[in-house]
Amino acid sequence: MDESNTKTKLISTALIGLLILMAGLAAYFVVISEDESEGDENPARGFVGKTKTFGCGDTITESCILNGNLTCPLNSTCQFGLIIGADDITINGANFTLTGPSAEIGGYEAIHVRGHKNITIKNLVIREFNFGVYLEDVENVRIENSDISYGAGSGIWLLNSSDSVVTHNTITTKNLGFEEQGQGILLSSSSNNNLLEYNEITTDRGGGIFFEGRSNENRLHHNFICGNSRGDIRIEVDCVDNSGDYNTFNTALNYEDTTNGNPSTFSCPSCYDETNGNHSTGKPDDGSGNGSIGFVSNTNSSKIFHCGENITENCTLNGNLICSSTHGLVIAAENITIDGNGYYIDGAEPGPCDDFSPRSGILNRGYDNVTIKNLEIKNFCNGIYFTYDDGKMVYDCLIDNCSIHDNGNDTSGTATMGIKWRGVFDSTISNCTIYNNRGSGTSCESGGNGIFIYGGDDNLIINNTIYDNTKAGIFSKMRPRNSTISDNLVKGNGQGGIVLRCKLCSGTSITHNTVTDNTGAGIYVGGPGNTVAYNTVTNNNAGSPYQDDVGDNPNGIRISRDADNTTLISNTVLGNDEADIYIKDELTGTQGFNNTYDTYKGPQDQRPVKGKKMRTAEQGAPKSGSTSVTMEEITAMMLILLVLVVAGYGYSRKNK
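Everything in this summary refers to the structure shown in the same document. Every value quoted in this text rests on a predicted model; they were computed, and no experiment measured them.

Further remarks concern a negative patch on the surface. Together, Asp87, Asp88, Glu139 and Asp163 line one region of the surface with negative charge. Inspection of the secondary structure puts Asp88 in the loop between β6 (80–84) and β7 (89–92).

Dropping the structure here:
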């Protein structure tokens, strides 16, 4: 073999190797680009954790959140929807539904926990399982704000499990035609020192709350336990030192509330329909103030506050209340708690709602440290209205676990809202459902928002479901500062989802929200120095009747007006009618890390980073001069290599 042929073969072999290397590099960078830049735009349905998504029958080893309704098929090898397999985790159902194969199949459990501690299960709807949540040998578990319908087993069963809290849950049975269908909540085998509060339990052919097998020192407060054919509360004689108060029930064995020993503090409504669990037909008050239904003083059971009256002390509602011509309640003292006890106040018909102070379900003018909880409010002009009075601002209030809906109207220019706060500071709205609140008009203060914030600093809006309101889900103006809007589901609203409208709204943290299917912008930021992080913002649409910067621009996240120095971190923003992320050209100081989006409009030097492994703002931005490989750089590299290959091949042919 002559020398020139040998050289040619060597060059050809080298060129082939180079081509293979190029193909490998291209494939590698395409995979990296897909993994790190595009992300998973169609994630699997299930409970999404930090490292993986858990499905039916999986063992959960990290905190996770459900990303849509999930149905578990019949499985002979696994009878659990989820198995908790580690300590210190939170399961957040995000108000989606976990559905089993059939409530009639014995042994199937929606959630199975054995031998673990520090577990939270919240905001989950459970259907078509024989058992809802089963806890064995556990401690410090919290089950809250969940809706459980079960078969012949139990809704929540604590077996040898202690130091746990079961709160604000609704538990019912699916009528399977059996003579007996378990218990709503069952404590057995030395389940001690647990707290059961603010639960509504209606089991039809089952029992309400049962204690068995030396389950001691448990506490029951403010539960509604009615329509249970096997008894509302039953405590076996070997269970001692169990106590409670302010519960609503009719029948009990070995139990009395401490208030009056009748044995219940409140009896179930006289018109309670035990065949379908509907307690909305309790005897109403006619608004005259002479009825037996009202807000009962927690210290004097003979004192009852009626429609429109001034509330001056802690009180608890004892039935559904209709207030057809007045406010529902008027707060007239500080440091008081209003407990709805699972009942409603109904304004019957909002009316024109066009006067200066329209009827409200709850009205508070200038009083601090007021708590409203466990109350449904409907058919007023405003659901809840807290406002400053003669310059005195409102501080340290809480609205928790309330349902606020169908308030206001859209027949004329109104300023009606679901929750309306003016000059409220250091206060919280949590665990509420706020929907179908109406209003009209096109100004910043026009009605129809689910939550309306006018001024006020350091407020928390957390873990609420806000949907189908005429205007925005959450709307703030007039220089609110340093608030947190977190873990809310905001969907189907008419002028955007979460709207920081004011040019002076600053220091607000918008995190971990799901904002979807609103008309107009999903998240709108109009002021400086705010942070938008870890939100899922999808499918926000055109078609809002509000022709302004919010309604006309169905972006996922819209950074506009004077929103300099906005930070975007790890948001998933996809499928919106206009650019998923929009940043106004004139703005400065915007920075973004780890955001996933398809479309962007705005200054290229402020473009939010998509999918690169960048550190968050808290960890520090990449150091000056640091580099990362882009698809444009990969393409240029491949072109250079291709030119070299062609040149080398030509040289080899020439020297054959």
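So, next bit.
Moving on: the nonpolar core. Grouped together as the largest cluster of nonpolar side chains are 65 residues, with contacts concentrated most on Phe295, Ile362 and Ile372. The contacts of Phe295, once residues within four sequence positions are left out, are Lys303, Ile304, Phe305, Cys315, Thr316, Leu317, Leu321, Leu329, Ile338, Asp339, Ile345 and Leu375. Formed by 45 residues, the second largest nonpolar core is a distinct cluster that contains Tyr150, Leu158, Ile209 and Tyr255.

Attention now moves to the state of the cysteines. Taken as a whole, this structure holds four disulfides when the rule is applied. Bridging Cys56 to Cys72, the disulfide has an S-S length of 2.2 Å. Across the disulfide from Cys56 to Cys72, rotation about the S-S bond amounts to roughly -85°, and the bridge is consequently left-handed. Highlighted residues: Cys56 in the loop between β2 (53–54) and β3 (58–60) and Cys72 in the loop between β5 (70–71) and β6, separated in sequence by 16 residues. Owing to a relative accessible area of 28%, Cys56 belongs among the partly exposed residues under this scheme. Cys307 shares a disulfide with Cys323; S-S distance 2.1 Å. Looking down the S-S bond of the Cys307 and Cys323 bridge, the torsion is -75°, so its handedness is left-handed. Taken together, the residues span a long stretch of sequence, with Cys307 in the loop between β29 (304–305) and β30 (310–311) and Cys323 in the loop between β32 (321–322) and β33 (329–331) at a distance of 16 residues. Judged by relative accessible area, which is 8%, Cys307 ranks as buried.

The next point concerns the packing of aromatic side chains. This structure, assessed with the given rule, holds nine aromatic pairs. Taking the centre distance of 5.3 Å and the plane angle of 85° together, the rings of Tyr134 and Trp157 count as edge-to-face. Residue Tyr134 is located in strand β12 (residues 131–136), and its partner Trp157 is located in strand β15 (residues 154–159); the two are separated by 23 residues in the primary sequence. On the basis of relative accessibility, which here comes to 9%, the residue Tyr134 falls in the buried class. With a centroid separation of 6.1 Å and 15° between ring planes, the pair formed by Phe452 and Phe475 is classed as stacked. Note that Phe452 is positioned in strand β47 (residues 451–454) and Phe475 in strand β50 (residues 474–477), a separation of 23 residues in sequence. Given the relative accessible area of 0%, Phe452 is considered buried. Looking at Phe475, the relative accessible area reads 1%, which means it is buried. Taken together through their ring pairs, the aromatic side chains of Phe131, Tyr134 and Trp157 make up a single cluster. Residue placement shows Lys420 over the ring face of Tyr385; its charged tip is 4.9 Å from the ring centre.

Let's shift gears to the pairing of strand β21 (residues 207–211). Burial analysis of β21 places five of its five residues in the buried class, which makes it a mostly covered element. Bridge count for β21 against strand β24 (residues 233–235) is three bridges, and the pairing is parallel. The residue bridging Phe210 from the neighbouring strand is Arg234, located in β24.

Below, the discussion takes up the sheet that holds β2. In space, the 10 strands of this open sheet follow the order β2-β1-β4-β7-β10-β13-β16-β19-β22-β25, with mixed pairing throughout. Two strands close off the open sheet at either side, each with one partner strand: β2 and β25 (243–245). Pairing geometry for strand β19 (residues 195–197) and strand β22 (residues 219–221), over three bridges, is parallel. Paired with Leu195 across the two strands is Arg219, which belongs to β22.

Next up on the list: the sheet that holds β32. Hydrogen bonding along the main chain pairs the strands of a sheet, whether they run parallel or antiparallel. Spatially, the 11 strands line up as an open sheet ordered β32-β35-β38-β42-β46-β49-β52-β55-β58-β61-β64, and their pairing is parallel. Each edge of the sheet is formed by a strand with only one pairing partner; in this case those strands are β32 and β64 (596–597). Here strand β38 (residues 376–378) runs beside strand β42 (residues 403–405); their pairing, made up of three bridges, is parallel. Bridging across to β42, Glu376 finds its partner in Ser403.

Overall, the coordinates contain nine salt bridges when judged by the stated rule. One salt bridge in this structure joins Arg127 and Asp147, with 3.2 Å as the shortest N-O distance. Placement of Arg127 in strand β11 (residues 125–129) and of Asp147 in strand β14 (residues 147–150) is noted, with a sequence separation of 20 residues between them. Classification of Arg127 as partly exposed rests on a relative accessible area of 28%. Here Glu313 and Lys303 are joined by a salt bridge, their closest N and O atoms 2.8 Å apart. With Glu313 in the loop between β30 and β31 (315–317) and Lys303 in the loop between β28 (295–297) and β29, this pair connects stretches of sequence that are 10 residues apart. The exposure class assigned to Lys303 is partly exposed, which follows from its relative accessible area of 33%. Within the structure, one salt-bridge network assembled from shared partners comprises Glu334, Asp368 and Lys392.

Our next topic: the pairing of β11. Of the strand pairs in this sheet, strand β8 (residues 97–99) and β11 are connected by three bridges, and their pairing is parallel. Note that in β11 the partner of Thr97 across the bridge is Val125. Note that β11 and β14 share three bridges and pair parallel. Each residue of the ladder has a partner; that of Phe129, found in β14, is Tyr150.

Calculation rules
- Residues numbered from 1 in each chain as written.
- Predicted model: local features only at pLDDT ≥ 70, side-chain atom pairs only at ≥ 80, totals over all residues.
- Heavy atoms only, no water.
- Patch = residues over 30% accessible without salt bridge, like charges linked within 9 Å, V, L, I, M, F, W, Y side chains within 5 Å.
- Areas by Shrake-Rupley, 256 points an atom, 1.4 Å probe, with all protein chains shown as cover.
- Salt bridge = Lys/Arg side-chain N within 4 Å of Asp/Glu carboxyl O.
- Lys, Arg positive; Asp, Glu negative; His and termini not counted.
- Charge placed at Lys NZ, Arg CZ, Asp CG, Glu CD.
- Helix = DSSP H or I, 4+ residues; strand = E, 2+ residues; numbered from the N terminus.
- Core = buried A, V, L, I, M, F, W, Y, C linked by side-chain atoms within 4.5 Å.
- Buried < 20%, exposed > 50% of the residue type's maximum accessible area, 1.4 Å probe, protein only.
- Contact = heavy atoms within 4.5 Å.
- Disulfide = S-S within 2.5 Å.
- Phe/Tyr/Trp six-rings, centres within 6.5 Å; stacked < 30°, edge-to-face > 60°.
- Lys NZ or Arg CZ within 6 Å of the ring centre and 35° of its normal.
- Pairing = 2+ DSSP bridges.

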